[in-house]
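Spelled out from the first residue to the last, the chains are:
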Amino acid sequence: MNTNVTHNAAWNDFNDAEAQHTGLDLIPKGTIVPVRMVIKPGGHDDYSQGWTGGYATLSNDTGAVFLSCEFVVTSGQYAKRKLWSNLGLYSAKGPTWGQMGRSFIRGLLNSSRNIHPQDTTPQAAAARRINSFADLDGIEFLAKVDVEKDGRGDDRNVVKVAVEPDHKDYAVLMGVASQASRGGQGGQGGSGSPAQAAPAYAGQAAAPAARPAAPVSSKPAWAQ
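Definitions and cut-offs
- Residues numbered from 1 in each chain as written.
- Predicted model: local features only at pLDDT ≥ 70, side-chain atom pairs only at ≥ 80, totals over all residues.
- Heavy atoms only, no water.
- Salt bridge = Lys/Arg side-chain N within 4 Å of Asp/Glu carboxyl O.
- Helix = DSSP H or I, 4+ residues; strand = E, 2+ residues; numbered from the N terminus.
- Buried < 20%, exposed > 50% of the residue type's maximum accessible area, 1.4 Å probe, protein only.
- Phe/Tyr/Trp six-rings, centres within 6.5 Å; stacked < 30°, edge-to-face > 60°.
- Contact = heavy atoms within 4.5 Å.

Trainee: Go over the pattern of salt bridges with me, naming the residues and quoting the values.
Mentor: Under the counting rule described, the total for this entry stands at eight salt bridges. Residues E148 and K160 are paired through a salt bridge, measuring 3.1 Å at the closest nitrogen-oxygen approach. Of this pair, E148 sits in strand β6 (residues 140–149) while K160 sits in strand β7 (residues 155–162), and the two are twelve residues apart along the sequence. With relative accessibility at 24%, the residue E148 sits in the partly exposed group. Accessibility expressed as a relative area gives 47% for K160, which makes it partly exposed. The structure contains a network of salt bridges with shared partners spanning E148, R156 and K160.

Trainee: Would you mind going over the packing of aromatic side chains in detail, with residue names and values included?
Mentor: The tally for this structure, following the rule as stated, stands at four aromatic pairs. The interplanar angle of 85 degrees and the centroid separation of 6.2 Å between the aromatic rings of F71 and F141 together place this pair among those described as edge-to-face. Taken as a pair, F71 in strand β4 (residues 65–73) and F141 in strand β6 lie far apart in primary sequence, 70 residues in all. A single burial state applies to F71 and to F141, both of which are buried.

Trainee: Provide a residue-level description of the environment of L58, including the pertinent values.
Mentor: In this structure, L58 sits in strand β3 (residues 51–58). Considering only alpha carbons, one finds L58 and D45, 13 residues apart in sequence, at a separation of 9.0 Å. When neighbours within four sequence positions are excluded, L58 is seen to be in contact with H44, G63, A64 and V65.

Trainee: Requested: an account of unusual backbone geometry, with residues and values cited.
Mentor: Even without being glycine, K80 reaches a positive phi, approximately 75 degrees. With respect to the secondary-structure elements, K80 resides in the loop between β4 and β5 (82–90). Under the relative-accessibility criterion, K80 is labelled exposed at 72%. Although it is not a glycine, N114 adopts a positive phi angle of roughly 55 degrees. Within the secondary structure layout, N114 lies in the loop between α2 (96–113) and α3 (122–127). Here N114 falls in the buried class, since its relative accessible area comes to 2%.

As structure tokens, this is what we get:
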């Protein structure tokens, strides 16, 4: 009985409790961090668009369709910090939001697979294609941190831009051979030269190239 009294007394006395933390400081805007993107399934499928697997989310308020994404910083000063953003797929207001989502996905594929944004080789084209949204779930790339207001008017970190291999710090932050230092096609160096795919991905991209290409009309718009 005495033990319980002592325990309860300690529980009711908060003088020795640690001061509360007001929350983590924001990651400074413009900081470049390596992240792993995880898609939070929304359960919305549209087979006519190629949106399958339940990855997309449909907003009941606006009718917009998007990918609800969580980005986990994988290393460095901000390791394990999480950021959130929605990648637009469709908006009743027009194509702008969907095009922004497509541009971001192109950028993160370039970043993840070490493909220069100006590279138009068959290997680069293959690297910018996905079979489904499942290919994006768990993908790792470099992201530039941004800051925006949330629904309550508070600042929060978001990800809106993927850092591609033409960025001066890409090779160091990703730990890969610089495409510019390897040179472009035909041994032509310089940052403006089309870059080759990273060796690790080049082997993966070779298999699809051996199969007959599917007609363009058979690919959903988001996958092209």
